[in-house]
Amino acid sequence: MSETKTIQFSEETMATVQRLIKRYPEGRQKSALLPLLHIAQAEFDGWLSPAVMDYVAVILSIKPIEVYEVASFYTMYNLNPVGKCLIEVCQTGPCWSRGSDDIVEHFEKKLGIKVGETTSDGQFTLKTVECLGSCGTAPMLQCGGDFYENLTNDKVDTLIEKLRANGQRSTYMKDNRVM
Amino acid sequence: MATIIIDCKTYEVPLGKNVLETCLNLGFDVPYFCWHPGLGSVGACRQCAVKVFKDADDKKGRLVMSCMEPVVHNQHLAVHDADTIDFRKQVIEWLMTNHPHDCAVCDEGGSCHLQDMTVMTGHHERRFTFNKRTYKNQDLGPFLNHEMNRCIQCYRCVRFYKDYAGGKDLDAYASKNNVYFGRAEDGVLENEFSGNLAEICPTGVFTDKTLKEHYTRKWDLTMSPSICQHCSVGCNTIAGERYGALRMIHNRFHEKINGYFLCDRGRFGYEFVNAENRIKQPSINGDVVERTELETRLEKIMKSAKVIGIGSPRASLQSNFALKTLVGEDNFYHGVSDHEHDLAELAVRILKDGPVRTPSTKEIEKSDAIFVLGEDLTNTAPIVALAVRQAVRQDLSGEPEKIHIQGWQDAARKNLQQQRKMPLYSATIHETKLDDICTSANYATPEDIARLGFAVAHCVDHNSPAPEHFPEALQVRARSIANGLLAAKNPTIISGAGCASSAVMKAAANVAIALHKNGIVVGLTYTMLECNSMGLTMIGGHRLSAAFNAVINGHADTLILLENDLFRHGSFAEVGDFLARCKNVIVLDHTKSDSTDRASVVIPAGTFAESDGIIVNNEGRAQRFFQVYESTESIQESWRWIINIGKTLQHPKLQTWQNFEDISKAMASEEPMLQNIDEVNPAVDFRIVGQRIPREPHRFSGRTSMHAHIQVSEQKPPTDDDSPLSYTMEGTRIQPPSAMIPFYWSPGWNSVQSVAKYQHEVGGSLKDGDSGIRLLEANAASSLVYFQGIPEAFVPLEHHLWIVPTYHIFGSEEMSAKSASIQKRIPTPYLLISAVDANIYHLKEQDIIKVSIANISYSFPIKINRNIPVGMAALPYGLCDAPINALPEWGIVETSPLTELHDYVRKTKVQH
Ligand code: SF4
Ligand code: SF4
Ligand code: FES
Ligand code: FES
C-alpha cells in the first residue's frame, strides 16, 4: 500500500519526532522507538511495512532488526495492511461472559469477513484482543483511540454506519495519547 | 558459607550463588533450560522451580525459580516434594505443546538437553490435542541448520549471540505463542561465534550443518580430546569420528582457555581432514608406491645425500623434534619466514625473560582495562576477542553489590549497568569487530601504532623512551590511555605478530613493563600466526634463508619438508628456485599444496585427527591432542614416519624410540625450553582401576558389523601404544584426568550440559583442574630493559602504498581454508585502501589496482575503507598469491594517478 509513496514524515511530524528523541540522553535515541512507531503507523496507512520500519531505524541510527524485534512484540503495531477502521473486540473473560462472542459473530455477518480479515473495500479490519481495562462496560471494543462500550447488535449496526460515513482512518494517536 | 536445608537434610554451601547452581553442585537433578553457567539467570523458562519455606514450621512453602533465588543462611528448600515435581512436569508439558516430537529425525537426538529434561521431569504423555504452531525456517549459511518448530523459547540463543558475543543479526520476534528466533531474513549468520548456538540451544533448533553432511549420533562417535589447530589460542575440542571420517568438533571445556565456547573457524575448519586433496598414499615422482618401495627409496636417498630438514609451525613438537633429531641440529631449519620467526622469538624472549606474566584467556576476561596494539583479534585469535568482550562487559563499579545484585543475575545487572563498561583501548590498522565496545579506537600504520604505544609507555613511566616529534593531539590520546591503564588493578596489554611489526610488539612490552614498575599486576599477551608458532620457536632451528643458502652453496642437496607449504613463507620465485635446486624434495604432509606438487617423494602424514602430538599455544601452554582414529595403514604421524626412517638408517637415537612417550622424554631431556614436556599428560600405562579410558560411549552401535564389507568376522580393534585411551567402548566410566576426557556423559545427562558433572562446581574447574603445562612464566629477577628503537612516523610516499597484512577468520589460516563450509565464507581477494588513495588513483570500489611488490606486478580489486591511513594498504593474509610473508613492504602503484588531486592531497597531508 504505502510502497508506492515515498516514506518520509511530514515536516510537522518530523518536528514532533525530533522533540521526542531529544527527551533521551545522547546515544540512547532508541528509547524513542515505541512512540515513533506509533507516529509512523498513523502516518503511513495504519501499518508498519518493512520499508517504514527501516525508515524509523535510519532516523534512530539503529539496525532495522532492532526495530523488527520491538515492532513484532506488541499487538498494537500492525505488520500487515489493515482497513481504515481497525475494530478490536475484547474477548477476555468479563467481556466474553457478557457476550463478546456474539458481538464478534455479528460483525462477521455484517461485514462478510472473518476475524483477522479486511473488507474488500478496505474499510474495516476485524480483530480480537485481550482485556482493554474496561470490564465494567463489557462487552466492549476499541477502534483507534475510542472505546465503544456496553455493546449490543444494534449498537454495532449503528457504529458500522457511523464509521463508514465518517470515512476517516482510525488511529491510536488521537489527542497524541500514545506520546 | 551458609547452612541450608534441602528436603530435610542439612548442607553447608557457599553464599553468593543461586539455588539452582547450589542444588546441581550438591548432586540434585533440578531441570533447567534458560540458565547457563556462562550466561547467568533470567528466569525465562520456569523449568527450575523448587519450594522455599519461611522457616522450619512453614509446611506450605512457595514455588520459586531456583535460578533466580539467591542462597541465604538457614534457607529451607524442597526439591522433591509433590508440588514442585508436579509443577515442573506441567512446565515441560506446556513447553512441549508446540514441539514437533521429531527426535527420531532431529540432529540433536541423543545429545539433547530437552530430551534429558523431559525424561527427568517425568513428562511422558502428550495431552495437548490441538494444532501446533509451525514456522518457516531460515537458511543461515553454511554452518547451522534452523528448525524453529523445536523451539521452547528459553532465549539462550539471543542472549549468547547478542549479549555475550556481540552479534547483531539474530533476534527474538513477536510474543506469546509465536516467538521466533532468527535473522530478519534468510542469510548467513554473521557473528564469528555462531556455531556455539548448536551447543547453547538446548533443543534441535540450531544444529551443526556440517555434521548433517555425514550425520552420526553422539553415541556412535569415536571421540578424542583434541586441541584446535586453527590459531595460536589452542582451544580444547572434542573430535568425533565414524567410518574413517572426522564428523564433528565440539567444545571441550577448559577453564583457562575457551570455557564453553569455540569460534566458527575452530568448529567448522575440521573438514579439511576429509577433503579431496588429502594425501593418502606415498608417491615417488607423482606415482603411488607401496610402502616397501618408499622405504627402500628413502634409505637410498638418505644414505647418499646431504640432508637438511625444515620444520613447521603447524606440526607438533614431536614431529619437529623428531625431524631435528634425524637431520641433526645443524641441519634443522624452522620453516617460517625470517621475519615471522623473529616476531615469535621476540614474543618468547619477552615473556620468558621479562617481568610481566602472560595471562590465560580467562584471565583476560577478568582484566579491568585492556590495550590492544595492532591485532585484529576477531580474525587472528577469535576466542581472545570473545574474552576481551567479556572483560568490557564487566561492571566493576560496585553499584551491583550496593544493591545486592549478584554476578549471575543477568537481566538485573544489565539493567543497572546500562552503558557502563570497562575501558578498552585499541590501535589497529583499520576498524575491527571490537570497535563497538572500544573506549577509544585508533587507526594507524604499524609504525604509528608502535609510536602511540611507546608514547603511552612513556606517560606511564618516564624512563621508557618517548617518540620524537609526536603530535600534541596524539600525545593527549596517549596520556588518556596511560591514565586509564594506571587506574586499573589488573590491565592486560595485547599485541602479536598480526601486523608484522616488531616495533609494535616492543611498544606493547614497554607499556606492560612500565605498568609493572608502577606496581600494577599487568598481563601481556602476544597472539601468534599458527597453532604451534610458540612451540616451534622453543625448539629453535636455523633461519629459512640459511636453508636456501645451504642448497645454493652446495652444502645440502636433499630436503625433508615437514607439514609445511613453503610458499606461504617465502616468495614464489625464491621458494620455487630453492625446491628446484634440491636434488630430492621429500615432503611429509597430509594435504596437497604447491610444495607437495614439487616434491619427488611425498609421504602421507596424519592430520591432528590421526595423530598424537603436543602444541604450545600463545600463552606458552603445552597441550596434548590425542589421535581420534587410526587411519589407513599408509597414513601415520609425521613423527612416526621419521622414527621409521631413522630406524632404517640405524640412527643412534631414533632407533631407540618406540612411541610417543619416548620422543617426549627425549625432548624433555634435550630441549632446554621443554624440560617438563613429558609431564603434559599421564604416562602411556596410566590406567584407572586397571582400565583404559574409552573413546566410545557405552551405547556405541554397529561395532560387530560396521566393517563387514571388508571382513565378516569382527576385527580386533587397534590398540593405542601412545596413550591410555582405548579405541572401543570398553574401559572405565570413572572421570579421567582433564586432558583426557574424550566426551561428556553422565546418567540422565546426554547433552553437552553433562560437562557440569565433570566440574567441581557447575561452571567452575574440572574436578582434576586445568590441563596443559605453562612453559612461560614471568621472570621476577628480570633484567629486561625498555626497548629502544622507536620507528619514525609514517610518511606516505608518492606513487607508493605501504602494504601490510590483514586477516580473515575464514581464509587466512591454511588448513581451515580447505574446509568445505569455511570456503563458502572466504572473501574474494582484494586490496584495502583509503578513500583518499582511491581518489588519487581515480578508483571506485572493486576497480582493479596494479601494484608491484618486490618487482612483481599484481592486480587486485580494491576495497575502499574510511579509516585505513592514507598511503597505506592492507592485503588479506592467505587469500592472494601475493608474497604476504614479505609484508610490510612498499608497493609501487602502477595505476596512474589523477595528477591534480594527487598533488593537492599530498600537499595537505604533509602539512599535517
Ligand atoms: S532457539 Fe533454542 S536457544 Fe533459542 S529460544 Fe529456542 S530453544 Fe532456546
Ligand atoms: S580461537 Fe583459535 S584455537 Fe580457538 S577455536 Fe578458534 S581457531 Fe581454534
Ligand atoms: S475483559 Fe474486556 S475490557 Fe476487560
Ligand atoms: S532455568 Fe530457571 S527459569 Fe529457566
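The model shown is predicted, which means the values in this text are computed figures rather than measured ones.

Asks: Give me the interface of chain A and chain B: which residues, what numbers.
Replies: Counting residues at the interface gives 8 residues for chain A and 9 residues for chain B. Classifying every residue of the side of chain A that touches chain B by side-chain character gives 4 nonpolar, 2 polar and 2 charged.

Asks: How would you summarise the UniProt feature "domain: 4Fe-4S Mo/W bis-MGD-type" (unreviewed entry) in chain B if you had to cite specific residues and measurements?
Replies: Here the UniProt-annotated "domain: 4Fe-4S Mo/W bis-MGD-type" (unreviewed entry) positions come out as residues 221-277 of chain B. Secondary structure over residues 221-277 of chain B splits into 9% helix and 35% strand, and the C-alpha atoms at its two ends are 24 Å apart.

Asks: Residues and numbers for the nonpolar core, please.
Replies: Side chains that are nonpolar tend, in soluble globular proteins, to be buried together. Ranked by internal contacts, the top residues of the largest apolar core, which has 256 residues, are B:Val384, B:Val388, B:Val456, B:Ala508, B:Val511, B:Ala512 and B:Leu831. The greatest single-element share of this core, amounting to 11 residues, is contributed by helix H18 (residues 502-517) of chain B. Those residues in contact with B:Val511 that lie beyond four places of it in its chain are B:Phe371, B:Gly453, B:Val456, B:Ala457, B:Val460 and B:Ile493. Listed in part, the 20 residues of the second largest apolar core include A:Cys90, A:Ile103, A:Leu126 and A:Ala138.

Asks: I'd like a rundown of the sheet that holds strand S2 (residues 9-13) of chain B, residues and numbers included.
Replies: Residues and elements named next belong to chain B. Taken together, 5 strands build an open sheet; the order of strands is S2-S1-S5-S3-S4 and the sheet is mixed. With one partner strand each, in any of the chains shown, S2 and strand S4 (62-65) form the two edges of the open sheet. The average angle at which neighbouring strand axes cross in this sheet is 40°, direction not considered. Lying on the sheet, helix H2 (residues 82-95) is in contact with strand S3 (49-53), S4 and strand S5 (75-78); it crosses S3 at an angle near 150°.

Asks: Summarise the pairing of strand S10 (residues 222-227) of chain B; cite the residues concerned and give the values.
Replies: Burial within S10(B) is extensive, with 6 of its 6 residues counted as buried. Burial of S10(B) is two-sided: the residues B:Thr222, B:Ser224 and B:Ser226 facing one way and the residues B:Met223, B:Pro225 and B:Ile227 facing the other way are all buried.

Asks: Provide a residue-level description of the site of ligand 2, including the pertinent values.
Replies: Residues and elements named next belong to chain B. Neighbouring ligand 2 are 14 residues, the closest being Cys228, Cys231, Cys235, Cys263 and Gly266. Residue assignment for the shell around ligand 2 shows that the elements contributing at least two residues are helix H7 (264-268) and helix H13 (382-393). When the residues that make up the shell around ligand 2 are grouped by side-chain class, the tally is 9 nonpolar, 4 polar and 1 charged.

Asks: Requested: an account of the pairing of strand S24 (residues 601-604) of chain B, with residues and values cited.
Replies: Residue and element names in this part refer to chain B. Alternating positions in S24 separate into two faces, Val601 and Ile603 on one and Val602 and Pro604 on the other, with burial throughout. In terms of strand pairing, strand S23 (residues 584-589) meets S24 through 4 bridges, oriented parallel. When the sheet's bridge partners are listed, Asp589 is paired in S24 with Pro604.

Asks: Summarise helix H2 (residues 33-43) of chain A; cite the residues concerned and give the values.
Replies: By the burial criterion, the buried members of H2(A) are A:Leu33, A:Leu36, A:Leu37, A:His38, A:Ile39, A:Ala40 and A:Gln41. Lining the buried residues of H2(A) we find helix H1 (11-22), helix H3 (50-60) and helix H4 (64-73) of chain A.

Definitions and cut-offs
Per chain, the residues get numbers from 1 upward, laid out in the order the sequence is written. Labels follow written order: the first chain is A, the first ligand is 1, and so on. Per-residue local features are limited, in this predicted model, to residues with pLDDT of at least 70; the limit for side-chain atom pairs, both in listing and counting, is 80 or more; totals at the level of whole chains, interfaces and linings are taken over all residues. Any pair of residues counts as being in contact when their C-beta atoms, constructed from backbone geometry, are within 7 Å of one another. Gly counts as polar in this scheme, as do all residues outside two lists: the nonpolar Ala, Val, Leu, Ile, Met, Phe, Trp, Tyr, Cys and Pro, and the charged Asp, Glu, Lys and Arg. UniProt positions are given in the numbering used here, feature names are shortened, and annotations may be inferred rather than shown by experiment. Secondary structure elements are taken from DSSP: a helix is a run of H or I of four residues or more, a strand is a run of E of two residues or more, and numbering for both begins at the N terminus. Defined on buried residues, the nonpolar core groups Ala, Val, Leu, Ile, Met, Phe, Trp, Tyr and Cys residues joined through C-beta atoms within 7 Å. Counting other C-beta atoms within 10 Å of each residue's C-beta, where C-beta atoms are placed from the backbone, gives the exposure class: buried for 20 or more, exposed for 12 or fewer, partly exposed between. At least two DSSP bridges between two strands are needed for those strands to be called paired. Axes, fitted as lines to C-alpha atoms, cover a helix only where it is in contact. Angles between the N-to-C directions of the axes lie from 0 to 180 degrees. Near, as applied to residues and a molecule or strand, means the residue's backbone-placed C-beta atom lies within 6 Å of it.

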